[in-house]
Amino acid sequence: MNYKKIHLGKLIQAFVKENNINSADLARKIGKTRQNIYDIYKRDDIEVKLFLAISDVLQHDFIDELRPSDRKKTDLDAIFNTLKRIVEEKLDENSSN
């Protein structure tokens, strides 16, 4: 399967700009500084935990934008849900330590 390279920071930045979302508000909602947000916009890769937090705060399914058109959504939904469950379990482990 051929995946195109996607710059995740630019994807988030474009959404924020198109929806007139204040970067400082986004930063506050995910527990980061405004400078952190600007740094995120420059990244082509973002850790899953942060990516999910941003998606949740912005109430936007960025994963849907990343789905290759030649894959069935149900297959990727299963993968995403498994990945999300793993991340949530890891977060629970870290918060209990």
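In the block above lies the structure referred to throughout.
Here goes a summary of the coordinates provided. Because the structure is a prediction, the values reported are computed rather than measured.

### A word on the overall build of the protein chain
Looking only at helices and strands, one finds 6 helices and 0 strands in the protein chain. Taking all 97 residues of the protein chain together, 28% fall into the buried category. Relative to all contacts within the protein chain whose residues are 6 or more apart in sequence, the contacts with residues 24 or more apart total 62%. Carbon together with sulfur atoms contributes 47% to the accessible area of the protein chain, which is approximately 7000 Å² in total.

### Considerations on the packing of helix α1 (residues 8-18) against helix α4 (residues 48-58)
Their axes nearest at 12 Å, the elements α1 and α4 cross at an angle of 10°. Taken together, the axes of α1 and α4 are roughly parallel relative to one another. From α1, L8, I12, F15 and V16 reach across to α4, where they touch F51, I54 and L58. Looking at the contact of α1 with α4 residue by residue, the classes come out as 7 nonpolar, no polar and no charged.

The rules behind the values
Residues numbered from 1 in each chain as written. Predicted model: local features only at pLDDT ≥ 70, side-chain atom pairs only at ≥ 80, totals over all residues. Heavy atoms only, no water. Helix = DSSP H or I, 4+ residues; strand = E, 2+ residues; numbered from the N terminus. Buried < 20%, exposed > 50% of the residue type's maximum accessible area, 1.4 Å probe, protein only. Contact = heavy atoms within 4.5 Å. Areas by Shrake-Rupley, 256 points an atom, 1.4 Å probe, with all protein chains shown as cover. Axes fitted to C-alpha atoms, helices over the stretch in contact; angles between N-to-C directions. Parallel < 35°, antiparallel > 145°, perpendicular 65-115°, else oblique. Nonpolar A, V, L, I, M, F, W, Y, C, P; charged D, E, K, R; others polar.

So yeah, pure geometry; function would need other evidence.
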